[in-house]
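Take a look at the letters that make up each chain.
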Amino acid sequence: MEAMWSYPQVCAEWLDAGESKTQKVHLSRDPDGQPYLTQTEMKAVADIIVQRHFDSDVDSEMICAIAELQSDRQPLATRYDKKTKETTLGIMQITLKTAEWLVSELGYQSYQLEGNPEVLSKPFASVYFGAAYLKWLSNFEQKERSEEFVVRAYKGGTKKATHKTTLPYWKRYLSVKESLPSRKHSNEVSSSATSPPPASGNTEGAATNYTFWDCRATPEDMEEMWNNPNVLKEWTKSGEKKGNVRFSHDLKKRPYVSRVELKAIAEIILSKHFSTKGVKPTVLCALAEVVSMRFINGVGARPGIMGIDYSTAFWLYMELSYRAYRLDSVDDLTKPFVSMYFGAAYLAWLSDYEGRERTRQFVVQAYIAGPQNVDLQETGPLWLKFEEALSDYEDNKSGAQGSCSIM
């Protein structure tokens, strides 16, 4: 626990959540009440175990990606295999038999098992034995093995490391590993000497350290973006390639979405998750213009393109069951699709605030200032800014005072 508190990102996350060194730290809970580690906590546990016991011989990002796939970072996760009649346990989904073999045959004794499977429900112990197994696999039969062999063998055993049944797991692993927060950071600080030429809207040339779309969106969402004809045209024109799409950046090197990209995100989110809610993509786009100026990290205290705060998004996630996207930390709201999803959910909720069908003007001002703070005179300038932004996305502003069916 001392090592966790000493990890800067964990310390900041725990303090933000109201945790204290003088009391027990609570694990996060998913909507079903199951405890899980946040990505920040998971990365810290992996880094600590690797540095403490493996001299950095095991890739901590590999550990994090496998934990994501195996257990969704849930320390109490279990899975029974009907063929082997064995149960895998914990974050790394190790069997007690494998862990005992690692102790007795390979000398991994930093965590005592003594036949007690509950030890594997402890994150540090599970990661320790998972890392030990990964290290063994990396030199299986005294041959240096590739990352693909190790990952596929971890899933299906050494005999299945090259079998077609483990190939889908390897592909999912690559996708998960690429989306890890540490990968996002490394892409953002990539060397300017290797940076590609500027995308549309970038004016700093090779001096810009680019932030990439593929680190802030799922493969499925990226596929939807590429399938949008307007986005395809814009990205192709600016020289983007699949797997390496850059955000536009302003003169201060801040990443933002173009209006074409913003409209595509809104349309995709609404068609997939809010088709019956009567929310218009143009309204979401105009709100994004007002609250974030389309900057993906947001403006001021408002994170993300939709400027929805973490506490509101988490309330929508937990209480109203908007769970199409997982929400572990405020950093998730800097992902355009995640921010748009929770922004649309909040807008839909406000449209029927306190059981009354609300006007567009009320909803917009409530979204920006809070439903308790709506004063049509005092918040009037916000409405005017919204109307001006709306004109960039639709040909007319008729019906502005109507009910939310026009949203």
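Quick notes on the rules
Here the residue index of a chain counts from 1 through its sequence in written order. Since the coordinates come from a predicted model, pLDDT governs what is reported: local features require at least 70, and pairs of side-chain atoms require 80 or more to be given and counted, while whole-chain, interface and lining totals use all residues. Heavy atoms from the whole structure form the basis of all side-chain values; hydrogens and water molecules are not counted. Helix numbering and strand numbering both begin at the N terminus, where a helix is a DSSP run of H or I of at least 4 residues and a strand a DSSP run of E of at least 2. Accessible area is worked out with a 1.4 Å probe on protein chains only. A residue is then buried under 20% of its type maximum, exposed over 50%, and partly exposed in between. In this analysis, two residues are considered to be in contact whenever any of their non-hydrogen atoms come within 4.5 Å of each other. Computed with the Shrake-Rupley method and a 1.4 Å probe, the accessible areas treat only the protein chains shown as cover for residues. Whether a set of points on the 1 Å grid over the protein atoms alone is a cavity depends on a 1.4 Å probe fitting there but being unable to get out, while an open set qualifies as a pocket with protein on both sides within 12 Å along at least five of seven lines; lining residues are those with an atom within 4 Å of a point. Grid points are joined across faces, edges and corners, and a volume is the space filled by probe spheres set on the points. For this scheme, ten residues count as nonpolar: Ala, Val, Leu, Ile, Met, Phe, Trp, Tyr, Cys and Pro. Four count as charged, namely Asp, Glu, Lys and Arg, and the remainder, Gly too, count as polar. DSSP bridges decide pairing: two strands pair if at least two such bridges lie between them. Salt bridges are identified by distance alone: a Lys or Arg side-chain nitrogen within 4 Å of an Asp or Glu carboxyl oxygen. Here, nonpolar core means buried Ala, Val, Leu, Ile, Met, Phe, Trp, Tyr and Cys residues that are tied together by side-chain atoms lying within 4.5 Å of each other. Helix axes use the C-alpha atoms of the stretch in contact, all axes being lines fitted to C-alpha atoms, and the angles between their N-to-C directions lie in the range 0 to 180 degrees. Every angle not falling under 35 degrees, over 145, or within 65 to 115 is termed oblique; those three ranges are roughly parallel, roughly antiparallel and roughly perpendicular. Handedness of a crossing follows from how the near helix is turned relative to the far one, being left-handed for an anticlockwise turn of less than a right angle and right-handed for a clockwise one.

Details of the overall build of the chain
Within the chain, the secondary structure is distributed over 17 helices and 7 strands. When burial is assessed residue by residue, the chain has 50% of its 407 residues classed as buried. The contacts in the chain between residues at least 6 apart in sequence include a share of 57% that link residues at least 24 apart. By element, 49% of the accessible surface of the chain is carried by carbon and sulfur atoms, the whole surface being about 20200 Å².

Structural notes on the layout of surface pockets
One number sums up the size of the second largest pocket: a volume of about 830 Å³. Around the second largest pocket, the lining is made up of 22 residues, and of these D81, T84, K155, G156 and G157 lie nearest the centre. At the level of secondary structure, the elements contributing two or more residues to the lining of the second largest pocket comprise β3 (78-81), β4 (86-89), β5 (94-95), α5 (96-106) and α7 (147-156). With 4 residues, the single largest contributor to the lining of the second largest pocket is α7. Broken down by class, the residue content of the lining of the second largest pocket amounts to 4 nonpolar, 10 polar and 8 charged.

Section: the sheet that holds β4
The antiparallel open sheet is built from 3 strands, whose spatial order is β3-β4-β5. Either end of the sheet is taken by a strand with one partner, and the two such strands are β3 and β5. Relative to β4, β3 runs antiparallel, the two sharing 4 bridges. The partner of Y80 across the bridge, within β4, is T87.

Looking at the pairing of β4
The two faces of the sheet receive side chains in turn, since in a regular strand these alternate between them. Pairing analysis gives 2 bridges linking β4 to β5, with the strands arranged antiparallel. Bridge pairing in β5 places L89 opposite I94. In sequence, β4 turns back onto β5 through a hairpin of 4 residues, with G90 there showing a positive phi of about 75 degrees.

Looking at the pattern of salt bridges
Inspection of every chain in the model, using the stated rule, returns 18 salt bridges. Residue R254 is joined to D250 by a salt bridge in which the shortest nitrogen-to-oxygen separation is 2.7 Å. Of the residues examined, R254 reaches a relative accessible area of 36% and is grouped as partly exposed. On the basis of relative accessibility, which here comes to 15%, the residue D250 falls in the buried class. Through salt bridges with shared partners, one network takes in E68, D72, R73, R326 and D328.

Structural notes on the nonpolar core
Where a protein is soluble and globular, its nonpolar side chains tend to be buried together. Ranked by internal contacts, the top residues of the largest apolar core, which has 60 residues, are W213 and F342. Counting residues per element, the ones that place at least two in this core are α10 (219-227), α11 (229-237), α12 (259-273), α13 (281-292), α14 (310-319), α15 (336-350), α16 (360-369) and α17 (380-390). Among the elements that line this core, the one with the most residues is α15, at 11 residues. Not counting residues within four places of it along the chain, the set of residues in contact with F342 comprises I308, A313, L316, Y317, Y322, Y325, L327 and L333. Counting residues in hydrophobic clusters, the runner-up holds 58 residues, among them I49, L102, F124 and V127.

A closer look at the packing of helix α3 (residues 39-53) against helix α6 (residues 123-138)
As a packed pair, α3 and α6 sit with axes 10 Å apart at the nearest point and diverge in direction by 55 degrees. The angle between α3 and α6 falls in the class oblique. Two packed elements cross with a definite hand, and for α3 against α6 that hand is right-handed. Judged by residue contacts, M42, V45, A46, I48, I49 and H53 of α3 engage P123, F124, V127, Y128 and A131 from α6. For the contact of α3 with α6, the class distribution of residues is 10 nonpolar, 1 polar and no charged.

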